[in-house]
Amino acid sequence: MADQIDYQLIGDDMQAVIITLDPGETVMAEAGAMMFMTNEVQMETRASTKEGNGIGGALLGGLKRIVTGESFFITAFKCVGNQKGKVAFAAPYPGKIIPVDLSKSPILCQKDAYLCSAWGVDINIKFAKRIGAGFFGGEGFILQELKGDGWAFIHAGGTILKKTLAHGEKLKVDTGCLVAFQPTVTYDIEFVGGVKTALFGGEGLFFATLTGPGDTYLQTMPFSRMADRIISASRMPVGEVQRGSSVSGILGDIISGG
């Protein structure tokens, strides 16, 4: 049974998670995710998520995280005082934080989606099984597999939609909008069909095809899509940027849909 982490999600479009630690309790997080911590919490940077892994295990764990879009090091936060401590972690871009109880099921998620978790949770590499997914899956080629007896928190852009697929139920998703899914869900890549649709449909050439059973999580604003909008707006002539050429004006246009 997973440890019942005492956590609180705050915010709406720029969320953070505040975790309350009992004396001796430890959580780990992606480097740079920490927002604040109380005096009872001590921070330590490590390469391994498990005690006694040795240099080889620590090196392998760090290299796995690099491949999945994370940093080589992981940061551990331990409550060393006699009283409870608090530590908070913030998402790196606008969106939501998803709490996942890994004792019920491991989770596969897009690379760099990991935010923080209970100490000892494994962060592994998971490649798409089919060669088509490898060549055409875009962000879905290399996945993170989170597993262990504890809670994990992943982040995604925009609003989150959770869909539970029945056995054999199929869902076609834009590859960038897929955040995470349970290992029981079959993941593949499917051509959109039709030359005209593929070239002028505006949705890309391929869908991520998910087949149940299992839970899936989708995001309304992939970071790559938001970055493309920012780059596109920054290249516009000054006179065409209606609300000013400042970064804040561009971001305002994107958020408002203008």
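All values derive from a computational prediction rather than experimental measurement.

Caption draft 1: Local environment of the sheet that holds strand β2 (residues 16-21). Within the open sheet, the four strands sit side by side as β1-β2-β7-β4. Their pairing is antiparallel. Strand pairing shows two members of the sheet lacking a second neighbour, β1 (6-10) and β4 (34-37), which therefore form its edges. Averaged over all neighbouring strand pairs, the angle between strand axes comes to 20 degrees, with direction disregarded. Sheet topology places β2 next to strand β7 (residues 85-90); six bridges connect them, and they run antiparallel. Directly across from T20, in β7, lies its bridge partner K86.

Caption draft 2: Layout of the nonpolar core. Core analysis: the biggest nonpolar cluster contains 37 residues, and V17, I19, V27, F89, C116, L146 and I154 have the highest contact counts within it. Per-element tally for this core: the top contributor is strand β13 (residues 151-157), with five residues. In contact with I154, other than residues within four places in its own chain, are K96, I97, I98, V100, C109, A113, Y114, L115, L146, V179 and A180. Counting residues in each nonpolar core, the second largest holds 14 residues, with L108, C177, I189 and L210 among its members.

Caption draft 3: The confidence of the model for the chain, seen in detail. For the chain, per-residue confidence averages 77 on the pLDDT scale, and residues scoring 70 or more make up 66% of the total. Every residue in residues 131-138 is under pLDDT 50, and counting partners more than four places away or in other chains gives 13 contacts.

Caption draft 4: View of the environment of F191. The residue F191 is located in strand β17 (residues 186-191) in this model. F191 gets classed as partly exposed once you look at its relative accessible area, which sits at 44%. Placed 17 residues apart in sequence, F191 and A208 show a C-alpha to C-alpha distance of 9.1 Å.

Caption draft 5: Main features of the sheet that holds strand β15 (residues 170-174). Pairing in this open sheet of three strands is antiparallel, and the strands run β15-β18-β17 from one edge to the other. Strand pairing shows two members of the sheet lacking a second neighbour, β15 and β17, which therefore form its edges. Neighbour-to-neighbour, the strand axes of the sheet open up by a mean angle of 30 degrees, direction not taken into account. Of the strand pairs in this sheet, β17 and strand β18 (residues 206-211) are connected by six bridges, and their pairing is antiparallel.

The rules we used
- Residues numbered from 1 in each chain as written.
- Predicted model: local features only at pLDDT ≥ 70, side-chain atom pairs only at ≥ 80, totals over all residues.
- Heavy atoms only, no water.
- Pairing = 2+ DSSP bridges.
- Helix = DSSP H or I, 4+ residues; strand = E, 2+ residues; numbered from the N terminus.
- Axes fitted to C-alpha atoms, helices over the stretch in contact; angles between N-to-C directions.
- Core = buried A, V, L, I, M, F, W, Y, C linked by side-chain atoms within 4.5 Å.
- Buried < 20%, exposed > 50% of the residue type's maximum accessible area, 1.4 Å probe, protein only.
- Contact = heavy atoms within 4.5 Å.
- pLDDT = per-residue confidence, 0-100.

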